[in-house]
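Spelled out, the chains give:
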Amino acid sequence: MFTLSGNQWLLVSIDMNRNISLPPRGVGVGNMESEITAAYKDFGMPDNQDGSRNLYYADPLIGVVLNNGDGTHTVQYTAVTLTNEVLILQFYIDAQGACTRIVNYVRK
């Protein structure tokens, strides 16, 4: 998805359900959840009460495996830029543990 900012088009969202380019850190559609979390580091944190799991010690919002309640997960990584834009990268994981979709977007 693109948005017009001033007189320039800016890319604000990418949504892929198959690898059409080199995925981030070499993991993407078809990779297993464990392969994705290993590529970004996983500190082996225990499950939260809601079944989600933080991936890092310092800030739980940087990396988290969200439990969608239907046997699927969303692995989500978040970063804040110097201009306070929030970059979000999500890997959608099916009930068998494989990535079926990647979404990357900016939230202002």
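Data block above holds the structure.
Attention in this report is confined to the structure presented alongside it. The structure presented is a predicted model; accordingly, all values stated were derived computationally and were not measured.

Calculation notes
Residues numbered from 1 in each chain as written. Predicted model: local features only at pLDDT ≥ 70, side-chain atom pairs only at ≥ 80, totals over all residues. Heavy atoms only, no water. Core = buried A, V, L, I, M, F, W, Y, C linked by side-chain atoms within 4.5 Å. Buried < 20%, exposed > 50% of the residue type's maximum accessible area, 1.4 Å probe, protein only. Helix = DSSP H or I, 4+ residues; strand = E, 2+ residues; numbered from the N terminus. Contact = heavy atoms within 4.5 Å. Salt bridge = Lys/Arg side-chain N within 4 Å of Asp/Glu carboxyl O.

**What about the nonpolar core?**
Residues Ile36, Tyr40, Val75, Tyr77 and Phe91 are the most contacted members of the largest nonpolar core, which totals 13 residues. Among the elements that make up this core, the one with the highest residue count is strand β7 (residues 86-93) (three residues). Leaving out residues up to four positions away in the same chain, Ile36 has contacts with Val27, Gly28, Asn31, Val75, Tyr77, Phe91, Ile93 and Cys99.

**Side note on the pattern of salt bridges**
Scanning the model with the defined rule gives one salt bridge in all. The salt bridge partner of Asp42 is Arg53, with a shortest N-O separation of 2.8 Å. One end of the pair, Asp42, is in the loop between α1 (33-40) and β4 (53-54); the other, Arg53, is in strand β4, with eleven residues separating them in the sequence. Owing to a relative accessible area of 31%, Asp42 belongs among the partly exposed residues under this scheme.

**Section: unusual backbone geometry**
Notably, Lys41 is not glycine yet its phi reads approximately 85°, a positive angle. Despite not being glycine, Asn84 shows a phi value in the positive range, around 65°. Within the secondary structure, Asn84 is located in the loop between β6 (73-80) and β7.

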